[in-house]
Amino acid sequence: MKKKFCHLLVGFSVFPYFKNLIESTIRKDTESQIIIVTTGNPKLFGWGGFFDLEYKENLKIRKYVDTIKKKINNKIFYFELSNSKKYSNKVGALYRAYNLGIK
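As the structure is a prediction and not an experimental result, all values here were calculated from the model.

Asks: Describe the environment of K60, listing the residues and the values that go with them.
Replies: By the secondary structure assignment, K60 is in helix α2 (residues 57-71). Spatially, the C-alpha atoms of K60 and P16 are 9.6 Å apart, while their sequence positions differ by 44 residues.

Listed below in structure tokens is the structure:
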């Protein structure tokens, strides 16, 4: 029986980190599927107020994933999660991302 393996890459949307993570995963394993889940975007000031600007790092990551998808025959999947008031502000979306990967 042939073993199947899937990489789950989860984290806060910081494009250079995700790019490095995706490239290093593909470099080591070209056969397995990759699931990427981002859990939010960084803010300019970090305090999250009304005037705090949100960087759209998730858009950069999505675009990068779309270009990589063509190279590795659609073995990569991208999902975005945002934190809701129901869950913890620090790790709520992180746990939801892990649960999504397990499903």
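Asks: With reference to specific residues and values, describe the nonpolar core.
Replies: Grouped together as the largest cluster of nonpolar side chains are 13 residues, with contacts concentrated most on I22, I26, I34, I36, V65, I68 and I76. Per-element accounting of this core gives the leading share, four residues, to α2. Ignoring anything within four residues of it in the chain, the contact list for I68 reads I26 and I76.

Asks: Go over the pairing of strand β1 (residues 6-11) with me, naming the residues and quoting the values.
Replies: The pairing of β1 with strand β2 (residues 33-38) spans six bridges and is classified as parallel. Each residue of the ladder has a partner; that of H7, found in β2, is I34. The handedness of the β1 to β2 crossover, carried by helix α1 (residues 15-28), is right-handed.

Asks: Outline the packing of aromatic side chains, supporting the account with residue identities and numerical values.
Replies: Summed over all chains, the structure comprises one aromatic pair. Their ring planes at 85° and their centres at 5.9 Å tell us that F15 and Y64 sit as a pair that is edge-to-face. Of the two residues, F15 is situated in helix α1 and Y64 in helix α2; the sequence distance between them amounts to 49 residues.

Asks: Lay out the side chain of E57 with the relevant residues and their values.
Replies: Counting through the fold element by element, E57 comes out in helix α2. Residue E57 is classed as buried on the basis of its relative accessible area of 10%. At a separation of 2.7 Å, a polar atom in the side chain of E57 contacts the main-chain amide nitrogen of F15.

Asks: Now, about α2: what can you tell me, with residues and values included?
Replies: Given a rise of 1.5 Å per residue, 15 residues ought to cover 21 Å, and the 22 Å separating the end C-alpha atoms of α2 matches this to within 8%. Turning to α2, its buried residues are E57, N58, I61, Y64, V65 and I68. Taken end-on, α2 shows its buried residues confined to a sector of 125°, consistent with a single buried face. In this structure, α2 carries K63 and K70 as exposed residues pointing more than 90 degrees from its buried face. N73, located one to two residues past α2, shows a positive phi value of around 60°.

About the criteria used
- Residues numbered from 1 in each chain as written.
- Predicted model: local features only at pLDDT ≥ 70, side-chain atom pairs only at ≥ 80, totals over all residues.
- Heavy atoms only, no water.
- Helix = DSSP H or I, 4+ residues; strand = E, 2+ residues; numbered from the N terminus.
- Core = buried A, V, L, I, M, F, W, Y, C linked by side-chain atoms within 4.5 Å.
- Buried < 20%, exposed > 50% of the residue type's maximum accessible area, 1.4 Å probe, protein only.
- Contact = heavy atoms within 4.5 Å.
- Pairing = 2+ DSSP bridges.
- Right-handed = clockwise from strand over helix to strand, strands pointing away.
- Phe/Tyr/Trp six-rings, centres within 6.5 Å; stacked < 30°, edge-to-face > 60°.
- Polar contact = N/O pair within 3.5 Å; in protein donor to acceptor, adjacent residues only side chain to side chain.
- Expected span 1.5 Å × (residues − 1).
- Arc of directions from axis to C-beta.

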